[in-house]
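Chains, contacts and geometry: an overview
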Amino acid sequence: MDLFNFLHYTFIQKAFFAGSFVAITCSALGLFLVLRKMSLIGDGLSHVCFGAIAIGLFFGIYPLYIAIPIVMVASLLILKISENARVYGDAAIGIVSAVGIAGGVILASVSQGFNVDLFSYLFGNILAISTTEVILSVCLSFIVLMMICFFYWDLFSATFDEEYAKTTGVRTQSINILLTLLTAVTVVLSVRIVGIMLSSAFLILPAVTALQLAKSFRIALGIAGLVSVTSVLVGILCSFFLDIPTGATIVMVNALFFCLALVYRKL
Amino acid sequence: MPIIIEAKHISVLYGQTEALSDVSFAIERGDFVGLAGPNGAGKTTLVKILLGLIPFSKGTIELFGKPQRQFRDWNKIGYLPQKDSTINTLFPATVNEIVLLGLLSQKKWPKRITVRDENIVRTTLQELEIHDLKKRMFSELSGGQQQKVLLARALVSKPEILIFDEPSTALDPGSRKEFFLLIQKLNKEKGTTIILITHDTGYIGQYANTLLYIDRTVIHFGDISEYCTSQKTHPSFEKIDDHIIWHQHN
């Protein structure tokens, strides 16, 4: 099959379209998360997503609809635990993440009927994305990107130096809440593309690749977005022609870009 | 001169430990205040309380006549934090992007950078003679250059009061003198009020007109030349040392 025919498949077009939007969103948020040393929040929230999807399947509700509010609440819980309960941020992520996974495993065991469905979310399958999921992914990605645009300078300032940001009137606590809520939405969206196990890589890899090359923050955002979208497009293409899992291929292409950036920086 | 910062009976608790106790002072417009004291005396804590970064347990603070908790005109205050206190050194930002952050205090949501803002940054960088660094990555600059960039960020909003936390630690002797002359010029020519935390006692006595010497509470607040005759003069120094250190009685 040639490339021209390949692009005529509706499921490929849907995968390209939804994947590109989610990729840009992940790369932009990922850059803020990596620079704030909050990379692992994506990993923790994706584990919560596992539990939330199990709840959806258990009660017969479309999993992503229920995952979005549950993961958003979990993200706020991580913030609250780390602020108020004498628990460091990474430990708070560990707690919420473990509870998410444990809840999912218990529900899967009790139901004995949806294990196959639940485990299909572990590694995602963008080629099986439905029209409703495409619309949901594009709309939510657009909202997240708009929020990043509207709060760009507040996010930038709080990420560079949170203490100084406060002295210029930036409400850093609100910005932290906004960032974690946006991350929660983005993690749920990325689960459909690369799966629960790999969604944090989808957030982190484009950002760290950009950090090897960028000479300004705007350029870093641009490089991260470009790397992320290219990885999705190349990953879908390779997985289709080589008949290998799409999510894992997207992550491997991302990792390849990171290695190339590292080598370029060393030269 | 009108009082622009007034602290009354401020106390701060870190857990069970009292970091500051019953601190009171009033700073007038145009003052150049040297804030000094031994290590752990609470100098940085005091500055962070004024800026609203740390809550205080007792007392009241007024900034420009408003209770601190209601104060919103943060563009009136420029702040140069202690070097490397919280800054992320891997951050991929240009000097231009960093200095623009100093203008955020003037902006309302959604915050947008205009051509006018870019011009203000250019002028500030030119005044500090670091315009050639504008497009350079902040993380690639030397310690002294970074300090100048952060000074530009503090100055860019043309604040009425400038607060410096140990600004000279990253500077070599030549740059340090240049730095002190610059802030003295801002104080004398533009009437900018200065609060400067320093261990550089050899310099501060030559530039500041007021000394706030604390050791968890106020030891001395007033004219710098009166420090050695004060009844509460700090026991750390002998009288003769004070004369030499503060450069007041050559």
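Every value quoted in this text rests on a predicted model; they were computed, and no experiment measured them.

**Remarks on the overall build of chain A**
Per the secondary structure count, chain A includes 13 helices and zero strands. Sequence-ordered secondary structure for chain A, helices as α and strands as β, is α-α-α-α-α-α-α-α-α-α-α-α-α. For the C-alpha atoms alone, the extent of chain A along its principal axes is close to 60 × 50 × 30 Å. Taking all 267 residues of chain A together, the buried fraction comes to 50%. The long-range fraction of contacts in chain A, counting pairs at least 24 apart against all pairs at least 6 apart in sequence, stands at 74%.

**Things to note about the overall build of chain B**
Per the secondary structure count, chain B includes seven helices and 10 strands. The 250 residues of chain B split such that 41% are buried. Look at the contacts in chain B between residues 6 or more apart in sequence, and 67% of them connect residues 24 or more apart.

**Looking at helix α4 (residues 63-84) of chain A**
All names here are of chain A. Its 22 residues place the ends of α4 31 Å apart at the C-alpha level, agreeing with the 32 Å of an ideal helix rising 1.5 Å per residue. Taken residue by residue, α4 has Pro63, Leu64, Ala67, Ile70, Val71, Met72, Ala74, Ser75 and Ile78 as its buried positions. On the buried face of α4, the contacting elements are α3 (40-59), α5 (89-111), α7 (131-150) and α10 (172-194). Positive phi appears at arginine 86, one or two residues downstream of α4, with a value of about 50°.

**Considering the interface of chain B and chain A**
Much of the literature gives interface size as the accessible area that the parts lose upon coming together. With 23 residues of chain B at the contact, the number on the chain A side is 21 residues. Broken down by class, the residue content of the side of chain B that touches chain A amounts to 15 nonpolar, five polar and three charged.

**Considerations on the nonpolar core**
Residue and element names in this part refer to chain A. In terms of nonpolar packing, the biggest core is built from 154 residues, with Leu31, Cys49, Val71 and Val188 touching the most fellow members. Tallying contributions element by element places helix α2 (residues 10-35) first for this core, with 14 residues. Beyond its immediate stretch of four places on either side in the chain, leucine 31 contacts Ala207, Ala210, Ala220, Leu221 and Ala224.

**Some thoughts on the pairing of strand β10 (residues 218-223) of chain B**
Residues and elements named next belong to chain B. Relative to β10, strand β9 (residues 210-214) runs antiparallel, the two being bridged by five bridges. Across the sheet, the residue bridging to isoleucine 214 is valine 218, located in β10. The antiparallel pairing of β9 with β10 creates a hairpin that spans three residues between the two strands, and arginine 216 there sits at a positive phi of about 70°.

**Some words on the sheet that holds strand β4 (residues 58-63) of chain B**
Residue and element names in this part refer to chain B. In space, the four strands of this open sheet follow the order β2-β1-β4-β5, with antiparallel pairing throughout. Of all strands in the sheet, those bounded by a partner on one side alone are β2 (17-28) and β5 (66-67). Pairing between strand β1 (residues 3-14) and β2: eight bridges, direction antiparallel. Counterpart to alanine 7 in the pairing with β2 is phenylalanine 25.

**Let's talk about the environment of Ser120(A)**
Along the polypeptide, Ser120(A) turns up in helix α6 (residues 115-123). A C-alpha to C-alpha distance of 11 Å links Ser120(A) and Gly247(A), two positions 127 residues apart in sequence.

**Notes on helix α1 (residues 43-50) of chain B**
All names here are of chain B. Counting buried positions along α1 yields seven of eight residues, so the element is predominantly enclosed. What α1 keeps buried is the set Lys43, Thr45, Leu46, Val47, Lys48, Ile49 and Leu50. Just beyond α1, the residue with positive phi is glycine 52, at close to 80°.

**Looking at the pairing of β4(B)**
Successive side chains on a regular strand alternate, one facing one side of the sheet and the next facing the other. All names here are of chain B. Summarising the sheet, β1 and β4 pair through five bridges and their orientation is antiparallel. Bridging across to β4, serine 11 finds its partner in lysine 58. In this sheet, β5 lies alongside β4 in antiparallel orientation, the contact comprising two bridges. In the sheet register, glutamate 62 faces β5, and the bridge partner there is proline 67.

**Points about the sheet that holds strand β7 (residues 161-165) of chain B**
Residues and elements named next belong to chain B. The six strands lie next to each other as β6-β7-β8-β3-β9-β10, forming an open sheet whose pairing is mixed. Strands with a single pairing partner mark the edges of an open sheet, and in this sheet they are β6 (77-80) and β10. Ignoring which end each strand starts from, the neighbouring axes of this sheet average 10° apart. Where α1 meets the sheet, it contacts β3 (32-36), β7, β8 (193-197) and β9, and its direction lies at approximately 145° from that of β8. Contacts from helix α4 (residues 143-155) reach β6 and β7, with the element oriented near 165° to β6.

**Notes on the confidence of the model for chain B**
All names here are of chain B. Counting all residues, the mean pLDDT for chain B is 86, and 87% of those residues have values of 70 or more. Ranking the elements of chain B by mean pLDDT puts helix α7 (residues 239-245) last with 54 and helix α2 (residues 95-100) first with 96. As scored by the predictor, the complex reaches a pTM of 0.90 and an ipTM of 0.87.

**A word on the packing of helix α8 (residues 152-160) of chain A against α10(A)**
All names here are of chain A. Relative to each other, α8 and α10 sit at 105°, their axes nearing to 10 Å. By the angle between their directions, the pair α8 and α10 is classed as roughly perpendicular. Along its contact with α8, which presents Asp154, Leu155 and Ala158, the element α10 presents Thr172, Ile175 and Leu179. Considering only residue class, the contact of α8 with α10 consists of four nonpolar, one polar and one charged.

What counts, and at which threshold
- Residues numbered from 1 in each chain as written.
- Chains lettered and ligands numbered in written order.
- Predicted model: local features only at pLDDT ≥ 70, side-chain atom pairs only at ≥ 80, totals over all residues.
- Helix = DSSP H or I, 4+ residues; strand = E, 2+ residues; numbered from the N terminus.
- Buried ≥ 20, exposed ≤ 12 C-beta atoms within 10 Å, placed from the backbone.
- Contact = placed C-beta atoms within 7 Å.
- Expected span 1.5 Å × (residues − 1).
- Nonpolar A, V, L, I, M, F, W, Y, C, P; charged D, E, K, R; others polar.
- Core = buried A, V, L, I, M, F, W, Y, C linked by C-beta atoms within 7 Å.
- Pairing = 2+ DSSP bridges.
- Axes fitted to C-alpha atoms, helices over the stretch in contact; angles between N-to-C directions.
- pLDDT = per-residue confidence, 0-100.
- Parallel < 35°, antiparallel > 145°, perpendicular 65-115°, else oblique.

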